[in-house]
Amino acid sequence: MNTQILPIDDNSLRLAKQIIESGGVVGFPTETVYGLGANAFDDSAVKRIFEIKGRPNDNPLIVHVHKDYDLSQLVYDVPEYAKLLAKAFLPGPLTMVYKSKGVVSPAVSCGLDTLAVRIPSHSGAQRFLKEVNLPIAAPSANLSKHVSPVTARHVYEDLKGRIEYILDGGKCSGGIESTVLDCTGEVPCVLRSGLVTKEMIAQVVGECDEYVLKDGERVRSPGMKYKHYSPRCETKLFYYEDRFKAFSLCKEKLNQGVKAYLLCDSQTAEQTDIKNVLCLGRTESEIAANLYDKLREGEEIAQLIIGIAPKKQDGVMVGVMNRMSKACK
Ligand code: AMP
Ligand code: MG
């Protein structure tokens with residue numbers, strides 16, 4: 001199968017619609033990462049997503065809809081706090097988990113009685129979702145366990161020969177996957193952190209819990225138990241406090257002829273004379289937006305990536321650290 005990267009226009013959207021309606025899958029941009037989408041009503045199309053990615057079949061998918069889609073077709077028991085959060089943050093990088101009406105393929109939620117729904121803000125994603133006017137089940141458009149894609153080229157590198165079309169909407173501005181929020185309880189609960197932070201949610205609705213997996217407990221967001229975001233080279237991660245140890249290790253490796261690179265923010269990079277730096281940028285949003293791009297660049301040029309955690313550990317950095325610690329262990 002020949003894989004084509006197409007700019008988003010009337011022509012490519014028509015092709016994408018045809019593929020989706022005939023049970024195929026399409027790569028498409030969102031403001032977080034690229035998605036691999038299929039018609040959520042079509043059981044065999046949804047199963048193809050799992051096959052193409054090599055995704056474990058107990059790791060559920062998020063359903064993506066356009067901003068005018070009537071959600072009451074898919075879910076029920078939407079609490080008042082969820083309506084307030086939708087008003088505050090949607091369209092945007094927030095996925096909300098509700099009680100499912102069970103109308104989409106059971107493969108989407110891997111048999112759970114809940115459904116994760118997201119309304120992306122990316123204009124290309126909205127155009128694609130409007131064109132198909134269907135709920136689109138989509139995980140990130142990478143091979144399972146690999147670093148998530150933030151450009152059409154990244155999708156191509158992982159999925160060439162496995163899918164027909166990738167809609168190219170440029171580099172994703174957000175850079176880490178959406179916040180996943182359980183909206184089935186009295187109080188919203190963050191299952192996966194992202195750009196919409198626990199603090200931002202609490203500011204709108206008063207309180208917000210955060211799910212922490214306890215030993216022996218059944219995981220509530222199945223994706224949490226899998227290895228993720230791994231670049232194809234050796235990695236090591238240091239706390240910010242241990243940055244000088246990271247610099248020493250990098251110099252030692254470089255002296256041994258190992259292609260070692262630091263992965264850190266600008267402020268940290270300025271504290272060393274090491275030139276091999278995959279620099280994440282200065283602000284929280286730059287760091288999130290560049291993380292996967294730099295991990296993918298790193299695996300092309302480095303034998304060893306030495307990650308250094310940012311100094312700041314709250315807000316958006318919770319989500320960044322969650323990914324960095326899974327990528328660099
Ligand atoms: P991905 O789009 O590849 O980042 O994967 C989707 C994420 O959403 C995974 O971490 C899943 O565990 C999570 N997810 C999807 N559906 C549900 C659901 N019904 N309940 C809890 N988590 C979900
Ligand atoms: Mg993923």
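Here the residue index of a chain counts from 1 through its sequence in written order. Here chains are named by letter from A upward and ligands by number from 1 upward, in the order in which they appear as written. A pLDDT threshold of at least 70 governs which residues receive local features in this predicted model, and a stricter bar of 80 or more applies before side-chain atom pairs are shown or counted, although totals over entire chains, interfaces and linings include all residues. With hydrogens and water excluded, all non-hydrogen atoms of the structure serve as input to the side-chain values.

**Let's talk about empty space enclosed by the protein**
Using a grid of 1 Å spacing that covers the protein atoms alone, one calls a set of points a cavity when a 1.4 Å probe fits there but cannot get out, and a pocket when the set is open and has protein on both sides within 12 Å along at least five of seven lines; lining residues are those with an atom within 4 Å of a point. Grid points are joined across faces, edges and corners, and a volume is the space filled by probe spheres set on the points. One pass over the full model with this rule turns up one cavity of 30 Å³ or more. There is about 30 Å³ of room inside the largest cavity. Lining the largest cavity are Leu71, Leu90, Met96, Tyr98, Val117, Arg118 and Ile119. Secondary structure elements are taken from DSSP: a helix is a run of H or I of four residues or more, a strand is a run of E of two residues or more, and numbering for both begins at the N terminus. For the lining of the largest cavity, the elements supplying multiple residues, two or more each, are β6 (94-100) and β7 (114-118). Its residues assigned to classes, the lining of the largest cavity comprises six nonpolar, no polar and one charged. Residue polarity is assigned by list, with Asp, Glu, Lys and Arg as charged and Ala, Val, Leu, Ile, Met, Phe, Trp, Tyr, Cys and Pro as nonpolar; anything else, Gly included, falls into the polar class.

**Examining the packing of helix α1 (residues 10-21) against helix α4 (residues 123-132)**
Any two packed helices are characterised by how steeply their axes cross, that is the angle between the axes, and by the distance between the axes. Only the stretch in contact is used when a helix axis is fitted, and all axes are lines through C-alpha atoms; the angle between N-to-C directions ranges over 0 to 180 degrees. Packing of α1 against α4 leaves a shortest axis separation of 9 Å and a crossing angle of 50 degrees. In this view, α1 runs oblique relative to α4, as classed from their interaxial angle. Helix-helix and strand crossings are classified by hand; for α1 and α4 the assignment is right-handed. For the pair α1 and α4, contact is made by Asp10, Leu13, Arg14, Ala16, Lys17 and Ile20 and by Arg127, Phe128, Glu131 and Val132, respectively. Its residues assigned to classes, the contact of α1 with α4 comprises five nonpolar, no polar and five charged. An angle counts as roughly parallel when it lies under 35 degrees, as roughly antiparallel when it exceeds 145, as roughly perpendicular when it falls between 65 and 115, and as oblique in every other case. Crossing handedness: left-handed means the near helix sits turned counterclockwise from the far one by under a right angle, and right-handed means the same turn made clockwise. Whether two residues are in contact is decided by their heavy atoms, any of which lying within 4.5 Å being enough.

**Some points on the side chain of Asp265**
Along the chain, Asp265 falls in the loop between β14 (260-264) and α8 (266-269). It is Arg282 that comes nearest to the buried, bridge-free Asp265 among opposite-charge side chains, at 7.5 Å. For this analysis, a polar contact is any N or O atom pair within 3.5 Å, provided that within protein one partner can donate a hydrogen and the other can accept it, and provided that sequence-adjacent residues contribute only side-chain to side-chain pairs. A polar atom in the side chain of Asp265 sits 2.7 Å from the side chain of Thr268. Excluding residues within four positions of it along the chain, Asp265 makes contact with Cys279, Leu280, Gly281, Ile287, Pro310 and Lys311. When accessible area is computed with a 1.4 Å probe and restricted to protein chains, residues below 20% of their type maximum are described as buried, those above 50% as exposed, and intermediate ones as partly exposed. Neither His nor the chain termini are counted; the positive set is Lys and Arg, and the negative set is Asp and Glu. We define a salt bridge as a contact between a side-chain nitrogen of Lys or Arg and a carboxyl oxygen of Asp or Glu at a distance within 4 Å.

**Some words on the sheet that holds strand β16 (residues 304-308)**
Any two strands between which DSSP finds at least two bridges are classified as paired. On the basis of which strands lie adjacent, the open sheet formed by four strands has the order β13-β16-β14-β15 and parallel pairing. Looking along the sheet, the strands with just one partner apiece sit at the ends: β13 (234-238) and β15 (277-279). Sheet twist, expressed as the mean angle between neighbouring strand axes with direction ignored, is 20 degrees. One ladder, built from five bridges, connects β13 with β16; its direction is parallel. By the bridge assignment for β16, Lys236 is matched with Ile306. Relative to the sheet, helix α9 (residues 284-301) contacts β14, β15 and β16, its axis offset from that of β15 by approximately 160 degrees.

**Quick word on the pairing of β7**
Burial of β7 is extensive: five of the five residues sit out of reach of the surface. Every second residue of β7 is oriented toward a common face, with Thr114, Ala116 and Arg118 on one face and Leu115 and Val117 on the other, all of them buried. Relative to β7, β6 runs antiparallel, the two sharing five bridges. Across the sheet, the residue bridging to Val97 is Ala116, located in β7.

**Examining unusual backbone geometry**
That bond from Leu90 to Pro91 is cis: its omega, -5 degrees, falls within 30 degrees of zero. As for its placement among the helices and strands, Pro91 is situated in the loop between α3 (80-89) and β6. Non-glycine residue Cys110 carries a positive phi angle of around 50 degrees. Counting through the fold element by element, Cys110 comes out in the loop between β6 and β7. By relative accessible area, which is 23% here, Cys110 ends up partly exposed. Unlike most non-glycine residues, Lys145 shows phi in positive territory, near 80 degrees. Its location among the elements puts Lys145 in the loop between β8 (136-138) and α5 (152-159).

Everything listed here is a matter of coordinates, which is why it stays silent on function.
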